[in-house]
Amino acid sequence: MTNNETGPAAHPEASGSGNTRNTASTASTASTASDTIVDDIQQLAVAWEKLHFEYEDFHDGAHDRLVLDAAAKLGADPGGPLAYVWIFGLVLALPHLSWVPGDGVKEAALQALRAAEPVLSAQDCAHDSHPYDVHDDEEDEELAGWLVDLVDETQEWYEDRPRDEWRCPRNAAGFARIALHVLDPGSVSDIPARLPPEAHATIDTLSALLEGYPKTDVYDEIEEQARALRSVEDPDDRAGRIMVVRAVGWYAISGMVRRKDLLDELIEALEEALSHYPVEPCGHAWDAHPLLPQFAPEAARLGIELSYAGGRVRHERQRTEHGDDGAPLELLLCPAFIAGLGQESLTQLRTGRDRLFAPRDVAHLDAEYLAADGRLQIEKIAERVEYTSRNEQYADDLSLWAARRFEQAATARERAVLLLTAHQTLQIAYPDPARAVAEDVLRVLRTVATAPRPARCAHDDDHPQLRYSHFRHAMAHFYAPEDFPTPERAEQARSEAAWTCPRFFGEVAEAAVRKLEVLVA
């Protein structure tokens, strides 16, 4: 055995674990003890892996106890043959230690790591390099799966680097420095480039938000990204933050955000950031700049990665050493490229803000929805009130046009069609009607919902059904019976009195008002 191999026979007792079971020297007892080590570490690896992924979950102190146990065992034998096991455990615990550890837990981990690192670094080593040299922070989660195979030489070993390099004391020292760098930034050197835990947390949060399953308050997170862009000082960090705002901006103008002030903040942050960039073109070829991700979570991930120095080094290392397809930093961070990217995002945000919140002029739709004689183009209107995704593009403007036209309608038939059109298109708008539309339509429908109604309907048949696909045909027949045939099924036909019933009007308007009041609150 070389002096940088540890061998599986060492028992936790020899490394300060306090375990007293390995006292015999016979071969059978040694084998049993070795099996016990593997079993113990298997259980620890499972617990550490759970801790690594579930660090945000509520717990009863079990996470802290795992950290304190590893720190105690490392502190008891900081240069021992199993030191790498406890150090890997502490690396796996970094998300918890960077989140909300209990009192004294982080300090205990730091004390053990500071004691072990110089002892391990001082040990002899015949290796030219070690796994920690190129260890990526995203590979931390794999440490738990490697531990048992590292300790148990009877297991197959499939990793590129040999076991003895992984178990080498100097490799353990390198991982100790990785943990020290995260817990006490700037305290050590000779570590691979990494993203800090808060960057991973932000990537995770933004991915959930941009995929439509937010884990935190949506508005708070959008505000945070605007603040992060405004507060950045390093030009290279700023480039990454502009990319993040680009991705968040897509979500903000999708209709999911109901507050204009959030769009204002994103716009102002971009305007301020772009003031730092030149207007002159760069010297790169016109097609040299990269095509950035168009999927918002991936676009945000790239931006976060490039907004940290460690992330930029990691990006370049992965590109050059692992053959990734990513663009070189020179092109990704090109000031002219970033300025163009930011300006494009700024234009999209301004346009989206106006679409969602600015007053709309829909008078031009008269040419589309009115015939030359002033009657409704009922076939087109009826087609666009059908509940289908292809009609989402028309919903906002048609709802607003119908509501405004309703106030001027002279006949009961036209009023009925326009009211129902406004109501139906509100349901079709995705994800919801724009706030400017919702406010204007709400104003009109409130007058209908609060208008006096008779105690009883003046007709014997039911009110029209709004939820089914045949509604469009029934509405067209009601408005222009001479042009559109009676619905195929007799129960779909309704009398004129049912279509124009004041109680029906009131019920339809009330339902729409309830939805709209939530949207504009």
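### A word on the pattern of salt bridges
Phase 1 of the analysis: Within the structure shown, the criterion is met by 38 salt bridges.
Phase 2 of the analysis: Ionic pairing is found between E153 and R167, a salt bridge with its closest N-O pair at 2.6 Å. With a gap of 14 residues between them, E153 in the loop between α6 (143-151) and α7 (163-167) and R167 in helix α7 connect regions that are remote in the sequence.
Phase 3 of the analysis: On the accessibility criterion, E153 (40% relative accessible area) is partly exposed.

### Digging into helix α5 (residues 105-121)
Phase 1 of the analysis: Its 17 residues give α5 an end-to-end C-alpha distance of 24 Å, which sits within 8% of 24 Å, the value for a rise of 1.5 Å per residue.
Phase 2 of the analysis: For α5, the full list of buried residues reads V105, A109, L110, A112, L113, A116, E117 and L120.
Phase 3 of the analysis: Those residues of α5 that are buried lie in contact with α2 (62-76), α3 (83-92), α4 (94-97) and α8 (169-183).

### Describing the nonpolar core
The nonpolar side chains of soluble globular proteins are, as a tendency, buried together.
Phase 1 of the analysis: If you look at the biggest cluster of nonpolar residues, it comprises 104 residues, and the most contacted ones within it are L266, W401 and M475.
Phase 2 of the analysis: Ranked by the residues each element gives to this core, the list is headed by helix α11 (residues 235-256), at 11 residues.
Phase 3 of the analysis: For M475, the residues in contact, after removing those within four places along its chain, are I378, I381, A382, V385, V417, L420, T421 and W499.
Phase 4 of the analysis: Ranked by size, the runner-up nonpolar core spans 51 residues in total, among them V38, Y84, W157 and L180.

### Points about helix α16 (residues 335-357)
At 3.6 residues per turn, the α-helix brings residues three or four places apart onto the same side.
Phase 1 of the analysis: Between its terminal C-alpha atoms α16 stretches 32 Å, which fits the 33 Å expected from 23 residues at 1.5 Å a residue.
Phase 2 of the analysis: Turning to α16, its buried residues number three or more, namely F337, I338, A339, L341, G342, S345, L346, L349, G352, L356 and F357.
Phase 3 of the analysis: Buried residues in α16 make contact with α11, α12 (260-274), α15 (329-332) and α21 (435-449).

### Things to note about the confidence of the model for the chain
Phase 1 of the analysis: Here the chain averages 89 in pLDDT, and 92% of its residues register 70 or above.
Phase 2 of the analysis: Taken as a whole, residues 1-34 scores under 50 in pLDDT and shows 57 contacts with residues more than four places along the chain or in a different chain.

### Quick word on unusual backbone geometry
Phase 1 of the analysis: Omega for the bond connecting Y430 with P431 falls within 30 degrees of zero, at -5°, which places this linkage in the cis form.
Phase 2 of the analysis: Relative to the elements of secondary structure, P431 occurs in the loop between α20 (412-428) and α21.
Phase 3 of the analysis: Residue D190 is not a glycine yet carries a positive backbone phi of 55°.
Phase 4 of the analysis: Structurally, the position occupied by D190 is in the loop between α8 and α9 (197-210).
Phase 5 of the analysis: Assessed through its relative accessible area of 46%, D190 is described here as partly exposed.

How each quantity is defined
Residues numbered from 1 in each chain as written. Predicted model: local features only at pLDDT ≥ 70, side-chain atom pairs only at ≥ 80, totals over all residues. Heavy atoms only, no water. Salt bridge = Lys/Arg side-chain N within 4 Å of Asp/Glu carboxyl O. Helix = DSSP H or I, 4+ residues; strand = E, 2+ residues; numbered from the N terminus. Buried < 20%, exposed > 50% of the residue type's maximum accessible area, 1.4 Å probe, protein only. Expected span 1.5 Å × (residues − 1). Contact = heavy atoms within 4.5 Å. Core = buried A, V, L, I, M, F, W, Y, C linked by side-chain atoms within 4.5 Å. pLDDT = per-residue confidence, 0-100.

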